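# Reading the structure
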2 protein chains.
Amino acid sequence: MSEKVDLLLHTDWIIPVVPENLVLEHHSLAIKDGRIHAILPTVEADQAFQAEQVKQLPGHALMPGLINAHTHASMSLLRGLADDLPLMSWLNDHIWPAEGKWVNEEFVHDGSQLAIAEMLLGGTTCFNDMYFFPDVTGRVADAAGIRAVVGLIALDFPSVWAADGDEYLHKGLLVHDQFRNNPLIHTAFAPHAPYSVADPVLERVRVLADELEIPVHIHLHETNDEIQQSLQQHACRPMTRLQQLGLLSPSLMAIHMTHLEDDEIALFADSGGHIVHCPESNLKLASGFCQVNRLMSAGINVALGTDGAASNNDLNMFSEMHTAALLAKGVAGDASALPAAKALSMATINGARALGLEPETGSLEIGKSADLIAIDLGRLQSQPIYHPISQLVYAAGREQVREVWVAGRQVVSEGSLTTLDPERLLKRAGEWRERIAES
Amino acid sequence: MSEKVDLLLHTDWIIPVVPENLVLEHHSLAIKDGRIHAILPTVEADQAFQAEQVKQLPGHALMPGLINAHTHASMSLLRGLADDLPLMSWLNDHIWPAEGKWVNEEFVHDGSQLAIAEMLLGGTTCFNDMYFFPDVTGRVADAAGIRAVVGLIALDFPSVWAADGDEYLHKGLLVHDQFRNNPLIHTAFAPHAPYSVADPVLERVRVLADELEIPVHIHLHETNDEIQQSLQQHACRPMTRLQQLGLLSPSLMAIHMTHLEDDEIALFADSGGHIVHCPESNLKLASGFCQVNRLMSAGINVALGTDGAASNNDLNMFSEMHTAALLAKGVAGDASALPAAKALSMATINGARALGLEPETGSLEIGKSADLIAIDLGRLQSQPIYHPISQLVYAAGREQVREVWVAGRQVVSEGSLTTLDPERLLKRAGEWRERIAES
C-alpha cells in the first residue's frame, strides 16, 4: 500500500545541507501538509507514495531555500539612488533625507513587495528584516507566502514610526502580538545599533527578549568609526557595552562585525551569539573585512545577509554566497578557506540557527517545513557538473532558480511568481522613482 | 531623403561608454555594413533612416559588448573539477594532470565552444585567450561570430601543442599568419609567465611582437611566491626582469599584478603597459589583492578579465565588473573608489585599449564595429531606475542580456544563441564530464 502525500518531486540531485556536503543523486522528496515527509531514491518513490501532484525536475538540484539573515526590505525603492559615496555622505546627504521624506506605510508596503518578489525569484524563502512599519512588512510577507522575521525596530531618534524609545518598544510589542500565532511571520527585537540606541532601551530589549523568547537583531562593529565613537562616549568598545548590558547571548544576531580583536572573537564565541556576514555591503561601503574564516574556526555560527538594496544593490543570495566564499579566501590568504559546502550552510542552516528557526527550516530534513528550491543546473553556464555544490556556489546564478516552495506552498513556478503581480510591482516602482528622483 | 541602413535600434538608454558616464535617453543606433553608423534621438531616427530591419527595445539599455581581457576558454571543461584547494595542490594535483591527460584539439574545440556560448549569452563580444591550440580557438570563435584575440602561447616545458620554446614560437607564427586577414580574429604573443618562460624565448617574443605589431599577454606578479622564486633564481623581481628584457611597453598586457611596490606602479605607468585585473580568480586562489584604485590613479589602463573557468568558475563579466567595483572600495578603504562608470569602462573600452583594438571596439562611437548588447532593465531586480549605469554594474545580471551583435551580426537573439547549438554543447560537456570524472 502506498502512502498519500501532497507533492512528490523527482530530481537529479538533492542537497539537504544537513549533513553538510551530502549530495543524493536521483532522489525524490515527498511533501505532506507543508512539511518534508520523506527523501528517498527515485526508484523507490513511486511505489512508496501516491501523490496529489508529481513533478519531474530533470537536471535540477533541490535544496533548502536560502535565508537572507539581514535585510531592510523596503529600501529596495532606494536601490541605486546614491552610490560610490563615502559612508557618511551617503547616509547624511542621500539616504536619511530620502527616508525622512518618503518613508511611510505605503513606501514600506511597496518596497517590501518589490524586495520579496526579487528574493522569491532568486530562491530566498526567509528573510530577517529591520525597518520601520514591521507590521506592514509582516503582512506583505505573509500574503506573498515568504517566511520572515520582522524586526521590532528601536532607535533613540523619532521617526514616522515612533517618537522615542518607549514608543518603539510599545509598538514593537503590538507587532509581536499581531504575529504571535502566524506560522510564517516571526519577530525579533531590532535595536538599530549601539550608537543609535541608549542603554535604558537596550536594557529593556534584553528583558523583553528573554521574556518573549525571541532573538535580538543589531548592527555591531560595522565600521571603525563606530568603535572610535563608542570609546569616546562610553569609554569602551560597542561589544563590551552590549556585554555589560547582558545582551551577549545565544539570542543575539550581530550584523557585520568587520572589526574584532582576538579577545572579542573569543568572548563572542563563548557567548553563543550569532554573526551575520554581509560581504557585498561591507565592500561597497568600505566598512572593513569580516574575518569569516577566523570566526568560524572559533566556533561562531556565521549566517549570511545582503543588507538593504540601497547598499548592495541587490537581494541576491546566490551572488552573496559566491562573494562570501571568494572573499573569505582572499581575506584569509588561504584558497581552502570557506569551501563551497560551508558557504551553502551559511546561506541556509546557519541563517535558520541564527534566527532561532533551526527546528523549522534551513535544511531538507524530515519534519521540517517544506521551504525549498529547485535550480536548473542544465544550463551551459553550469556545465560540466563534477560537483553540484561547487556549481551552486561558484557558477550558478539566481536566474537558474525555477521552483520555490515555502511551507509547501509554491510561490515560484517555472521562474514566475505565483503570489505577486510583477506588472503591478513594476508600475509601483516606476511611480516611486518619479516621485523620489524629482524631489 | 532618408538614408539606407541595415539595422535601426530604438531603445530607452544608450550608454556609449565614451564619453564616460554619458546616458542618452530615448536614442536610437543605426548599423550599416557591420559598423555603428549613427546615434541620434529616436524622434529623429525614423525620418533620417530607412532601415532593412527595425528593432524596438523598450526598457533596454544599449551598450558596447563586454571585453573579457583574460581567459583560458577551453578550461571551461574543467569548471568545478577541483575547488577550495591551496594554489599549488590545485595546480599540481588536479589541473595540470587533467590537462596533461585530456588536452588535445577536440578538447580545445569543445571547451572553446562551451566558453564562447557562455560568454555570448552573458554579453561578452570579445575575449583575450591564452591556451594550447590557439588555431582551434580562433576557428571556433570565427565560426561563432565572437571577436577574439588568440594567444600565441609560449612555455619552457613540452605539451601536446609544442615541444620547446622554438616550436611554440614557430607554431605561433603560423597561427598568426592563418588569421592575418581575418577581421574578427586577432593574435597576441602569450608567453605564459616569467617563471615558466626563459629569457631567450622572452627576448624573441619581444622582437617578434615589435615586428608584427601585436601585443604581449603574460601572467605577472600573480602571487607572492612567484616574486620570491624570481628573487632566488634571477636576483630580481619578475617585473624588473621583464624590464631588462625590454618587454615593458605599451604592447604589454600584464595579468593579475596583485603584488606591486610603489616604484613598480610608477615604472609600469611610465611604460604605458596595460594591466588586466581578475578579481574573482585572485580571490578564489587567494593570490592577493590588486590595488586597482592606486593603479588607475597612477594613470595605468586597467582592463578586466575572468581568468579560466577552472579558477573562477564562470565567464561572467557582469559579475566580474560587480566584484571589481565592490572589491576596489574594500581594498582602498574608500566607498568612492572605482565608481560604476569606471567599472563599466574597465569591462569595455579599457579592454579594447589593452588589446590594441580601441579603434575597432569597446565603445559605441561612429565608425566602430557594431559590437554591442541590449540589456533588459525592465526586470524587478533592476527597479527602480535612478541611474542606468548603477543598475548595470551593481544590480543587473547577465541573464538580462537579450540581444548581442558582433560586427553587426546578431549572435544572441531574445536570449538565445544564433550561431551555436546549445543542445550539442550540453551533450559534449556531458561526454567530457564522463571521461574526465571517471579517470
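How each quantity is defined
Residues numbered from 1 in each chain as written. Chains lettered and ligands numbered in written order. Predicted model: local features only at pLDDT ≥ 70, side-chain atom pairs only at ≥ 80, totals over all residues. Heavy atoms only, no water. Salt bridge = Lys/Arg side-chain N within 4 Å of Asp/Glu carboxyl O. Helix = DSSP H or I, 4+ residues; strand = E, 2+ residues; numbered from the N terminus. Buried < 20%, exposed > 50% of the residue type's maximum accessible area, 1.4 Å probe, protein only. Pairing = 2+ DSSP bridges. Phe/Tyr/Trp six-rings, centres within 6.5 Å; stacked < 30°, edge-to-face > 60°. Lys NZ or Arg CZ within 6 Å of the ring centre and 35° of its normal. Contact = heavy atoms within 4.5 Å. Buried area = accessible area lost by both parts, 1.4 Å probe. Polar contact = N/O pair within 3.5 Å; in protein donor to acceptor, adjacent residues only side chain to side chain. Disulfide = S-S within 2.5 Å. Least-squares fit on C-alpha atoms with pLDDT ≥ 70 in both. Expected span 1.5 Å × (residues − 1). Axes fitted to C-alpha atoms, helices over the stretch in contact; angles between N-to-C directions. Parallel < 35°, antiparallel > 145°, perpendicular 65-115°, else oblique. Nonpolar A, V, L, I, M, F, W, Y, C, P; charged D, E, K, R; others polar. Domains from an automatic or database assignment.

## Comments concerning the pattern of salt bridges
Side chains that carry opposite charge are capable of pairing whenever their charged atoms lie near each other. Under the counting rule described, the total for this entry stands at 52 salt bridges over all chains. Where Asp 262 of chain A meets Arg 294 of chain A, a salt bridge forms, and the shortest distance between an N and an O atom there is 2.4 Å. Taken as a pair, Asp 262 of chain A in helix 9 (residues 262-271) and Arg 294 of chain A in helix 11 (residues 292-297) lie far apart in primary sequence, 32 residues in all. Of the charged contacts in the structure, one is a salt bridge between Glu 264 of chain B and Arg 237 of chain B, with a shortest N-O distance of 2.7 Å. With Glu 264 of chain B in helix 9 (residues 262-271) and Arg 237 of chain B in the loop between helix 7 (224-234) and helix 8 (238-244), this residue pair connects regions lying 27 residues apart in the sequence. The structure contains a network of salt bridges with shared partners spanning Glu 106, Asp 110, Lys 427, Arg 428, Glu 431 and Arg 435 of chain A.

## Quick look at the pairing of strand 14 (residues 401-406) of chain B
Residues and elements named next belong to chain B. Where burial is concerned, most of strand 14 is hidden: five out of the six residues are buried. In this structure, strand 13 (residues 372-376) lies alongside strand 14, joined through four bridges in antiparallel fashion. The partner of Ala 374 across the bridge, within strand 14, is Glu 403. In this sheet, strand 15 (residues 409-413) lies alongside strand 14 in antiparallel orientation, the contact comprising three bridges. Paired with Val 406 across the strands is Arg 409, a residue of strand 15. The turn joining strand 14 and strand 15, which pair antiparallel and follow one another in sequence, is formed by two residues; a positive phi near 50 degrees is taken by Ala 407.

## Notes on the sheet that holds strand 1 (residues 3-14) of chain A
Taken in spatial order, the eight strands line up as 3-2-1-4-13-14-15-16 (chain A) in an open sheet, and their pairing is mixed. Two strands lie at the open edges of the sheet, namely strand 3 (35-41) and strand 16 (416-417) of chain A, each paired on one side alone.

## Some thoughts on the packing of aromatic side chains
Applying the stated rule across the entire model yields nine aromatic pairs over all chains. Geometrically, the ring pair formed by Phe 107 of chain A and Trp 432 of chain A is edge-to-face, given 5.3 Å between the ring centres and 85 degrees between the ring planes. Separated by 325 residues along the polypeptide, Phe 107 of chain A in helix 3 (residues 105-121) and Trp 432 of chain A in helix 16 (residues 422-437) bring together distant segments of the chain. Across this residue pair, the class does not change: Phe 107 of chain A and Trp 432 of chain A are buried. An aromatic cluster is present here, built from Trp 102, Phe 107 and Trp 432 of chain A joined pairwise through their rings. In this arrangement the basic side chain of Lys 284 of chain A is found over the ring face of Tyr 394 of chain B, its NZ or CZ atom lying 4.6 Å from the centre.

## What about the interface of chain B and chain A?
In this complex, chain B contributes 63 residues to the contact, which on the side of chain A involves 63 residues. Contact with chain A buries surface across chain B, with Asp 84, Leu 380 and Tyr 386 of chain B losing the most and accounting together for 17% of the total. Taken together, the connections running from chain B to chain A amount to two salt bridges. Two residues, Lys 329 of chain A and Asp 84 of chain B, come together in a salt bridge whose shortest N-O distance is 2.9 Å. For the pair chain B and chain A, the number of links is 19 residue pairs in polar contact (both at pLDDT 80 or more). Among the secondary structure elements, those contributing two or more residues to the side of chain B that touches chain A are helix 3 (105-121), helix 10 (279-284), helix 12 (317-332), helix 15 (388-395) and helix 16 (422-437) of chain B. Among the elements that make up the side of chain B that touches chain A, the one with the highest residue count is helix 16 of chain B (eight residues).

## Structural notes on the state of the cysteines
Residues and elements named next belong to chain B. On inspection of all chains with the given rule, the structure shows zero disulfides over all chains. Looking at the unpaired Cys 278, the closest cysteine sulfur is the one in Cys 290, lying at 9.0 Å. Overall, the relative accessible area of 0% leaves Cys 278 in the buried class.

## Description of the relation of the copies chain B and chain A
Note on the identical chains: chain B maps onto chain A by a rotation of 180 degrees and an axial translation of 0.0 Å, with an RMSD of 0.0 Å. Accordingly, the operation relating the two chain copies is best matched by a two-fold axis. Scanning chain B for the C-alpha nearest the rotation axis identifies Glu 399 of chain B, at a separation of 3.4 Å.

## Examining helix 12 of chain B
Residues and elements named next belong to chain B. Helix length check: helix 12, at 16 residues, gives a terminal C-alpha distance of 22 Å against a target of 22 Å (1.5 Å per residue), a fit within 8%. Of all 16 residues making up helix 12, 14 are buried, and the element is well covered by its neighbours. Directly beyond the C-terminal end of helix 12, a positive phi value near 65 degrees is found at Gly 333.

## Notes on the sheet that holds strand 1 (residues 3-14) of chain B
Residue and element names in this part refer to chain B. Read across the sheet, eight strands follow the order 3-2-1-4-13-14-15-16 without closing on themselves; strand pairing throughout is mixed. Strands with a single pairing partner mark the edges of an open sheet, and in this sheet they are strand 3 (35-41) and strand 16 (416-417). Here five bridges tie strand 4 (residues 49-64) to strand 13, and the two strands are oriented antiparallel to one another. Across the sheet, residue Ala 61 finds its bridge partner in strand 13, namely Ile 375.

## Details of the packing of helix 12 of chain B against helix 15 of chain B
The angle between the axes and the distance between the axes are what describe a pair of packed helices. All names here are of chain B. The interhelical angle for the contact between helix 12 and helix 15, taken along N-to-C directions, is 95 degrees, at an axis separation of 7 Å. Considered as vectors, helix 12 and helix 15 are oriented roughly perpendicular to each other. Residues Phe 318, Met 321, His 322, Ala 325, Leu 326 and Lys 329 of helix 12 touch helix 15, and the partners they reach there are Leu 392, Val 393 and Tyr 394. Looking at the contact of helix 12 with helix 15 residue by residue, the class counts come to seven nonpolar, one polar and one charged.

## Focus on the side chain of Asn 316 of chain B
Residues and elements named next belong to chain B. Checked against the element boundaries, Asn 316 lands in the loop between strand 12 (301-304) and helix 12. Of the residues examined, Asn 316 reaches a relative accessible area of 11% and is grouped as buried. Among the polar contacts listed, one links the side chain of Asn 316 to the backbone nitrogen of Ser 319, at a separation of 3.0 Å. Not counting the four nearest positions on each side in its chain, Asn 316 is found in contact with Glu 118, Thr 306 and Arg 398.

## Some details on the domain arrangement of chain A
Residue and element names in this part refer to chain A. Annotation of chain A at the domain level lists domain 1 (3-64 + 366-407) and domain 2 (73-355). Of the residues lining the interface, 26 residues belong to domain 1; the matching set on domain 2 comes to 29 residues. Of the roughly 2100 Å² buried between domain 1 and domain 2, counting both surfaces, carbon and sulfur atoms make up 66%. On the domain 1 side of the contact with domain 2, Val 393, Tyr 394 and Arg 398 bury the most area, a combined 35% of that side's loss. Two residues, Glu 118 and Arg 398, come together in a salt bridge whose shortest N-O distance is 2.9 Å. Here domain 1 and domain 2 share six residue pairs in polar contact (both at pLDDT 80 or more) between them. Looking at the side of domain 1 that touches domain 2, the elements that each hand over two or more residues are strand 4 (49-64), strand 13 (372-376), helix 15 (388-395) and strand 14 (401-406). Here the side of domain 1 that touches domain 2 gets five residues from one element, more than from any other, and that element is helix 15. Its residues placed into classes, the side of domain 1 that touches domain 2 shows 18 nonpolar, four polar and four charged.

## Regarding helix 6 (residues 199-212) of chain A
Between its first and last C-alpha, helix 6 of chain A extends 20 Å over 14 residues, near the 20 Å set by a 1.5 Å rise per residue. Looking one or two residues beyond helix 6 of chain A, the residue adopting positive phi is Glu 213 of chain A, at roughly 55 degrees.

## Description of the side chain of Glu 264 of chain A
All names here are of chain A. With a relative accessible area of 5%, Glu 264 lands in the buried category. A distance of 2.8 Å separates the side chain of Glu 264 from the backbone nitrogen of Glu 261, its partner in a polar contact. Once residues lying within four places of it in the same chain are set aside, the contact partners of Glu 264 are His 221, Arg 237, Met 239 and His 259.

## Topic: the environment of Met 321 of chain A
All names here are of chain A. Within the fold, Met 321 resides in helix 12 (residues 317-332). You can call Met 321 buried: its relative accessible area is 0%. The spacing of Met 321 and His 26 is 295 residues in sequence and 25 Å in space, taken between C-alpha atoms. With residues near it in sequence (within four places) discarded, Met 321 still touches Leu 66, Leu 304, Ala 343, Leu 344, Ala 347, Leu 392 and Val 393.

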